[in-house]
Amino acid sequence: MTQVLACAPPASLRDTVSVAAALAGLAGEDPDGVTAEVQALWVAAGKAPGERLRTAAEWDPVRLGVHPAPDPDGTVDPPLTEYLTRPHDTTLRRRLARTAEANQAALVLLVGRSASGKTRALYEAVAVVLPDWPVLFPADAEELTAWIEDDGIDPRTVLWLNETQRYLNGAAGERTARALGRLLDQVAPLAVVGTMWPEHMRRLTNRRSSLETAPHTLALLTRPHTMITVPDTLDCDPAAVAAAAARDPRFAGAVRAAGTGQRVLQHLTAGPELVRRWEMGPDQWFTAPEHAVLTAAAEARRLGHASAVPKLLLRETAAGFMDSTARATAGEEWFPAAIGALTTTEGGPAPLIAERYEPGVGEPDSYRPDDYLEQHIRRVRAHRAPPAAFWSWALWARTADDVYALGRAAEQRRRYAGAGPLYERAIELGHVRARAALAVLRATTDGREAADKTAATDPVAWAALAVTREAAGDGPGSYDAYRRAAESGDAWAWAAMARIREAEGDPAAADAVAARAATAGEPLAWRTLGRMRAAQGAPAVEAFEKAAEAGDGWGHMGLAQVAERSGDLVTAVTHATRAAGKGVSEAWATLVRLHWALGDHTSALGAATSGADAGHPEGWSLLARLRERAGDRSGAAAAHREAAALGVGAAWRDLALLAESDGDSMAAEEAATQAARTGDPEAWTALAEAREEIGDDAGADHAAAEAARAGDLDAWIMLARARENAGDSSGAERAANLAAERGAPDAWAALSRMRERVGDREGSRRAVLRAADLGASDAWTALGRVREQLGDTAAAERAYVRGCEAGDTESYTALGALYLDQGRTPEACAAYRSAVDAGLPDAWDGLLSAMAAQPPRANSAQTVARLRTTGLMPQG
């Protein structure tokens, strides 16, 4: 991580500094001569004396995160190697250009595996497309949030977020995501650029886990047109690669090392060589302490430590990765000796990167592995738990978020004894969700009384207990916990209490709860009751009226829906109008629909216009669809154009499809091109699908290529599926190859499953091998499930085993279930145990079921009963 301040201070501070410097007669002089008063102003502004804002070309690319390539003699010696553009570069540069041309703010994330060239692509694109924009590189989430909220970020700025997940982890990351979302809505033109591994993107965009705990992060990362996939292959013109190799011996060496594959980039930064050395094991290339330090650093990061690993945590956890002989013979200076050897660049890139987090200049205090090596260690150790001592020393993690994340990792792996102290430490450090996690854990390990005592007066903890108890069917217990949550300040708990009473068949009690909630200023309970009653066909008007009286605009929407269902469209218009006046954005589109149904097309047009004026232009798209259904295709096209001009994302796509259905391919492609210029590739994808359906292969290929160029690879995957279904295997494989070249091996994985279902075992095998070779680690697992559905359990088992070898932890769960069905309980236990150690949520019940099925049953039942409350012993 780069600890460099390059942010712009607030305008007032910038002016103060420049004026003070001018008055002192120091403008342009050596900063050492600046007075203490002026230097203090500089420090307050977040700038070192004499430092100015830097463009991409003025930054050292290595400090921005670009991996340098070593010289053939093993030393790292900039300048960078020649840059060869790939298809994603075109997409990236178009999006960055659009931010400047259209005065827009854009978040663009390059997502791909380590050493795939993500950071270099960003560096080259920003330098070429936005050469005069300053590049700001915050050190961490706290600094980024402070820059946004306190200092402000100027327009025409690039915010550089290499390894973007570092800024979005935990509670600090959620605050940062919220600040970034506001920044993107308020400042333009602006480019926020970053990189991320696919596994981090999957984790942060998992709706099941993120919707409740990190909604702002989820919303930020799922903004339209944010992600661009980067393949880990050098899919360039072979002649260009050969020419680069002829000019640069580093390139030539990487091409030779890659052999017949295209993973030249990885060899260019010596990643595979570092992996080879680590794979040799302790006391081979690396000494036992060095190997242990590398492994411990990767493990801490895998299990949730977002930043580089603090020195104390790394030293103590590394001891757990050495055997007894190594620990006895390592010597007193084993740790500094290992650190010194691992951080040197002699013999190639350093396998361990040193960083400093404490203020000021001094010795490193934290370390992280080389990215490529770390990703490999993560994969091969994904199904293993760390040694027992790891959880104890994890208490020394850097931040509350890091401690909490490691506690979650321990609990997910059923190491309850390790999770509890970590949650306690996170509470001490002020983590907002740690008490809730500890309360739920203690409900399992120590019972209800301990859980209630832990929750204390924390509304988040009481709400978590309530949800857990309700899921377990404990109605009274969940109601009581929701009550405690509401009394502690959780506004949503009132609605849950009302819902429970209504579901119990006691509407009077539900009304009483809703009335108390409204008195407390929370009208949601009345609205919840209104929706429940309307869904059941019961009278709902009174509940919605109560919500509206309490100031809830959605209460008026509920009344509008009730009136519409009864056929009273005029009354529905009245209520929807009131909802719009209360700021309910959906009300405008409802008014468009209601006026149209009443035959008042002029008022429908007026509602669409008024909604757009209020910042909610979706009514124009609805009006377009209504006109199209009525046969007014020119009117529909006009409405789609209006929606597109107002920023409705799907409008250009709808306009393209409308033109295509009218046989006007030129107009369709013009609309799709306009969509791509705004960063939306979906219009081209929709055109590819529409043309494929009518057998226009050439037109579909063209549209898919344009979609991929605009950043959407789903078009090629869709074409591969469609052509395979049509019996065009060669066409399917061409499409799959084009998807793979752009970083999406899923098309080959899909082909393997499709061929398996029709009995083409050889074609299936070739396709899954291709998918796995391209990095689709889950391809074997998905194929195994198809084989199991077809009744070929022996072939399914072979596929699951290959999935385990490829590093897909889901394969262990699938194997466990297969073995358990076959009565192979020892093997089922072993497979499920690996899945539990990987932290898979569904594996625990499978492991307990497998253990309960082992003879003697009585002892098995006792063991299972004990494990349900104690979890597994904290040992790897």
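Refer to the preceding data block for the structure.
Below: a short report on this structure. All residue numbers here refer to positions counted from 1 along the written sequence of the relevant chain. Per-residue local features of the predicted model are confined to residues with pLDDT of at least 70, and side-chain atom pairs are confined, for both listing and counting, to 80 or more; whole-chain, interface and lining totals are unaffected and use all residues. Just so you know, side-chain values use all the structure's heavy atoms and leave hydrogens and water out.

1. A few points about the overall build of the chain
Numbering of helices and strands starts at the N terminus; helices are DSSP runs of H or I of at least 4 residues and strands are runs of E of at least 2. The number of helices and strands found in the chain is 50 helices and eight strands. Expected size for 876 residues packed as a compact globule is a radius of gyration near 29 Å; at 30 Å, the chain falls within 12% of this value. Counting only C-alpha atoms, the chain reaches 85 × 75 × 75 Å along its principal axes. Residue burial in the chain is summarised as follows: out of 876 residues, 51% are buried. Only heavy atoms matter for contacts: two residues are in contact if any of them lie within 4.5 Å across the pair. The long-range fraction of contacts in the chain, counting pairs at least 24 apart against all pairs at least 6 apart in sequence, stands at 60%. Here the chain displays about 37,400 Å² of accessible surface, and carbon together with sulfur accounts for 51% of that area. Here the chain holds 94 positive side-chain charges and 119 negative ones, and the gap between their average locations is 3 Å. It is over C-alpha atoms that the radius of gyration is taken, and the globule rule equals 2.2 Å times the number of residues to the power 0.38. Think of it in three bands: residues with accessible area under 20% of the maximum for their type are buried, residues over 50% are exposed, and the middle band is partly exposed, with areas taken using a 1.4 Å probe on protein chains only. Note on areas: Shrake-Rupley, 1.4 Å probe, and residue coverage restricted to the protein chains presented here. When charges are counted, Lys and Arg contribute as positive and Asp and Glu as negative, whereas His and the chain ends are disregarded. Charge positions come from single atoms, namely NZ of Lys, CZ of Arg, CG of Asp or CD of Glu.

2. Structural notes on a negative patch on the surface
On the surface, Asp-714, Asp-746, Asp-778, Glu-810, Asp-842 and Asp-845 cluster together into a patch of negative charge. Mapped onto the elements, Asp-746 comes out in helix H43 (residues 746–757). For Asp-746, a relative accessible area of 44% translates into the label partly exposed. Patch membership needs two things, relative accessible area over 30% and no salt bridge, and members are linked within 9 Å if like-charged or within 5 Å if nonpolar (Val, Leu, Ile, Met, Phe, Trp, Tyr). Here, a salt bridge means any Lys or Arg side-chain nitrogen found within 4 Å of an Asp or Glu carboxyl oxygen.

3. Quick notes on the packing of helix H25 (residues 459–471) against helix H26 (residues 475–487)
Axes here mean lines fitted to C-alpha atoms, for a helix over just the part in contact, with angles spanning 0 to 180 degrees between N-to-C directions. It is at 8 Å that the axes of H25 and H26 come closest, and there the two elements cross at 165 degrees. Taken together, the axes of H25 and H26 are roughly antiparallel relative to one another. The two elements H25 and H26 cross, and the hand of that crossing is left-handed. Between H25, through Pro-459, Trp-462, Ala-463, Leu-465, Ala-466, Val-467, Arg-469 and Glu-470, and H26, the contact on the second element is made entirely by Gly-477, Ser-478, Ala-481, Tyr-482, Arg-484 and Ala-485. Of the residues assigned to the contact of H25 with H26, the class counts are nine nonpolar, two polar and three charged. In this scheme, roughly parallel covers angles under 35 degrees and roughly antiparallel covers those over 145, while 65 to 115 is roughly perpendicular and the rest are oblique. In this scheme, a crossing is called left-handed if the near helix is turned counterclockwise away from the far one by less than a right angle; it is called right-handed if the turn is clockwise. Under the grouping applied here, Gly and all other residues not named as nonpolar or charged are polar, the nonpolar ones being Ala, Val, Leu, Ile, Met, Phe, Trp, Tyr, Cys and Pro and the charged ones Asp, Glu, Lys and Arg.

4. Topic: helix H16 (residues 311–319)
Burial in H16 covers these residues: Leu-313, Leu-314, Glu-316, Thr-317 and Ala-318. Here the buried face of H16 lies against helix H15 (288–302), strand E6 (309–310), helix H18 (334–342), strand E8 (366–369) and helix H20 (388–393).

5. Looking at the sheet that holds strand E3 (residues 157–161)
Paired strands, as defined in this entry, are two strands with at least two bridges between them according to DSSP. Here we have five strands laid out as an open sheet, ordered E2-E3-E4-E1-E5, and parallel in their pairing. On the outer flanks of this sheet lie strand E2 (135–136) and strand E5 (227–229), each paired with one strand and no other. The pairing of E2 with E3 spans two bridges and is classified as parallel. Within E3, the residue paired with Leu-136 across the bridge is Leu-159.

6. Structural notes on the environment of Val-126
For Val-126, the position within the fold is in helix H4 (residues 118–129). Classification of Val-126 as buried rests on a relative accessible area of 0%. Between the C-alpha atoms of Val-126 and Trp-160, which are 34 residues apart in sequence, the distance is 9.9 Å. For Val-126, the residues in contact, after removing those within four places along its chain, are Ala-56, Leu-96, Pro-131, Val-135, Val-158 and Trp-160.

7. Things to note about the pairing of E8
The alternating pattern of E8 places Ser-366 and Arg-368 and Tyr-367 and Pro-369 on opposite faces, both of which are buried. Looking at chain direction, E6 and E8 are connected through two bridges and run antiparallel. Looking at E8, one finds that Pro-310 is bridged to Ser-366. By the bridge criterion, four bridges tie strand E7 (residues 352–355) to E8 in an arrangement that is antiparallel. For Ile-353, the partnering residue across the bridge sits in E8 and is Arg-368.

8. Remarks on the sheet that holds E7
In space, the three strands of this open sheet follow the order E6-E8-E7, with antiparallel pairing throughout. Edge positions in the open sheet fall to E6 and E7, since each of these has one partner strand only. Sheet strands touched by H15: E6, E7 and E8. Its angle to E8, the strand with the most contacts, is close to 90 degrees.

9. Observations concerning the environment of Pro-189
With respect to the helices and strands, the residue Pro-189 is situated in the loop between helix H7 (170–186) and strand E4 (190–196). Relative accessible area serves as the criterion here: at 7%, Pro-189 is assigned to the buried category. Setting aside residues up to four positions removed in sequence, Pro-189 forms contacts with Thr-99, Ala-100, Asn-103, Gln-104, Trp-133, Pro-155, Arg-156 and Thr-157.

10. Structural notes on the nonpolar core
Here, nonpolar core refers to any group of buried Ala, Val, Leu, Ile, Met, Phe, Trp, Tyr and Cys residues whose side-chain atoms link them within 4.5 Å. The biggest cluster of nonpolar side chains holds 77 residues, and the ones touching the most others in it are Val-592, Trp-748 and Leu-751. If we skip the residues at most four places from it in the chain, Val-592 touches Ala-604, Ala-607, Ala-608, Gly-619, Leu-622, Leu-623 and Leu-626. Membership of the second largest hydrophobic core comes to 73 residues, among which are Phe-321, Tyr-367, Tyr-416 and Leu-422.

These figures capture arrangement, not role.
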